[in-house]
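Listed here are the chains, written in short residue letters.
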Amino acid sequence: GYLSPTYYDISTTAVYSGTVSVCITYNEAQYLGNETRVKLLHYETGAWVNRTSGPVDTLNNKVCGNVTSFSEFATGEATVPTITTASLPDGTVGASYSATLTASDGVPPLVWSILTGSLPAGLSLNASTGVISGNPTTAGTSNFTVRVTDANSATNDKALSIMVYSAVSITTASLPDGTSGAA
């Protein structure tokens, strides 16, 4: 998402075709300290689309983008994604496992990855959904760091772990006969 948007309605009577470069001067005080995350947004077919081209000109307080039509524009500070998953459930060797990583903020789509460490053997991470799933094959604790990256390349990392327990096995082949009424 975007914080503190400022809206602009730009129109022209000039005849043009193709792509037009639009630059908007933003209020530096509105984005103080976060100017590099300012984006030029253009309203297209019912949605705000990031049309920023190139880095923000923080010296002259300008953000530019390329569009093929004039309509409503906005400048806004792109939010940074924050991983909200506090912990992951334990698993059992050979049993189906599924858990979903979650994040707030950021500009969709979000992409998930393992930055350091590894998932337990038999589990994998779906990069587009954040779902960790599969059938663990080895008991033990796996420590790893997940990363979420948004459409603006903003990232957030979090250390997590999954404990996988051995499956319960019964090794007793038979039990002695019992006697009714006896302890």
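Here the structure is a predicted model, which is why all the values come from computation and not from measurement.

### What to know about the pattern of salt bridges
Two side chains with opposite charge may pair up if their charged atoms get near one another. Counted according to the given criterion, the structure contains 3 salt bridges. Put simply, Glu77 and Arg37 hold a salt bridge, and the shortest N to O gap is 2.6 Å. Placement of Glu77 in strand β6 (residues 72-78) and of Arg37 in the loop between β2 (20-25) and β3 (38-44) is noted, with a sequence separation of 40 residues between them. Residue class for Glu77 comes out buried when judged on its relative accessible area of 7%. Classification of Arg37 as partly exposed rests on a relative accessible area of 27%. Across the pair Arg147 and Asp157 runs a salt bridge whose closest N-O atoms are separated by 2.7 Å.

### Re the pairing of strand β13 (residues 131-134)
When strand β9 (residues 97-100) meets β13, the two strands line up antiparallel, connected through 4 bridges. Bridge assignment links Ser98 to a residue of β13, and that residue is Ser133. As defined by bridge partners, strand β12 (residues 123-125) adjoins β13 across 3 bridges and the pair is classed as antiparallel. Bridging from a neighbouring strand, Ser124 pairs with Ser133 of β13. Taken together, β12 and the strand that follows it, β13, pair antiparallel across an intervening segment of 5 residues, in which Gly130 is found at a positive phi of about 80°.

### Some details on the sheet that holds β3
With antiparallel pairing, 4 strands are arranged side by side in an open sheet as β1-β6-β3-β4. At either margin of the open sheet sits one strand with a lone partner, and together these are β1 (2-9) and β4 (47-50). Between one strand and the next, the sheet's axes are offset by a mean angle of 35°, whatever the strand orientation. Alignment of β3 against β6, held across 5 bridges, turns out to be antiparallel. In the strand pairing of β6, His42 is matched with Phe73.

So, how was this worked out
- Residues numbered from 1 in each chain as written.
- Predicted model: local features only at pLDDT ≥ 70, side-chain atom pairs only at ≥ 80, totals over all residues.
- Heavy atoms only, no water.
- Salt bridge = Lys/Arg side-chain N within 4 Å of Asp/Glu carboxyl O.
- Helix = DSSP H or I, 4+ residues; strand = E, 2+ residues; numbered from the N terminus.
- Buried < 20%, exposed > 50% of the residue type's maximum accessible area, 1.4 Å probe, protein only.
- Pairing = 2+ DSSP bridges.
- Axes fitted to C-alpha atoms, helices over the stretch in contact; angles between N-to-C directions.

Read these as layout, nothing more, since geometry by itself doesn't imply function.
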